[in-house]
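# Descriptive structure summary
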Amino acid sequence: MGRQVVDVFDMLSTVRAGGSSDVHLAPLTWTERDDITTLCGRDIRGPPTQSFRRCGCLRCAGSALGLGITAVRESPQVVVNLSRFLDSRMP
Ligand SMILES: [Zn+2]
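Residues numbered from 1 in each chain as written. Predicted model: local features only at pLDDT ≥ 70, side-chain atom pairs only at ≥ 80, totals over all residues.

### Topic: the overall build of the protein
Each helix and strand counted, the protein has 4 helices and 5 strands in total. Put simply, the protein runs from its N terminus to its C terminus through helices and strands in the order α-β-β-β-α-α-β-β-α. (Helix = DSSP H or I, 4+ residues; strand = E, 2+ residues; numbered from the N terminus.)

### A short note on the pairing of strand β2 (residues 23–27)
Taken across its 5 residues, β2 has 5 buried, putting it largely inside the fold. As judged from the 5 bridges shared by strand β1 (residues 12–17) and β2, these two strands associate in the antiparallel manner. Following the sheet pairing, R16 is matched in β2 by V23. Linkage of β1 to β2, two consecutive antiparallel strands, is achieved through a turn of 5 residues, within which G19 is found at a positive phi near 75 degrees. (Buried ≥ 20, exposed ≤ 12 C-beta atoms within 10 Å, placed from the backbone. Pairing = 2+ DSSP bridges.)

### Examining the sheet that holds β1
On the basis of which strands lie adjacent, the open sheet formed by 3 strands has the order β2-β1-β3 and antiparallel pairing. Bordering the open sheet on either side are β2 and β3 (44–46), each of which pairs with just one other strand. Between one strand and the next, the sheet's axes are offset by a mean angle of 70 degrees, whatever the strand orientation. (Axes fitted to C-alpha atoms, helices over the stretch in contact; angles between N-to-C directions.)

### Re the environment of V72
Mapping V72 onto the fold places it in strand β4 (residues 71–73). On the neighbour-count criterion, V72 (22 C-beta atoms within 10 Å) is buried. Separated by 47 residues in sequence, V72 and L25 place their C-alpha atoms 8.4 Å apart. Ignoring anything within four residues of it in the chain, the contact list for V72 reads L12, T14, L25, F52, A64, V80 and L82. (Contact = placed C-beta atoms within 7 Å.)

### Some remarks on helix α3 (residues 58–66)
Turning to α3, its buried residues are C60, A61, S63 and A64. For α3, the angular spread of the buried residues around the axis is 165 degrees, confining them to a single face. Contact partners of the buried residues in α3: β1, β2, β4 and α4 (82–89). (Arc of directions from axis to C-beta.)

Structure below.
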């Protein structure tokens, strides 16, 4: 069972969430399951319409780092380093 968490959060994807205009993070398997929320606990509404680098959710980024995930693939060409992202967004 302990391994399951690692598997689920092994890869994250960027998503759009209910009640928020930010871009959030969710396990890559959100497309196959309806019991998954974003890392900050919001309902997933679909693929994001903006870039995580510009509009990413700080709580999702912090949660991912807490799980030991240091980066998220935003597109085939773009990987966002989460600690650098948080550094750039923190005052
Ligand atoms: Zn979030």
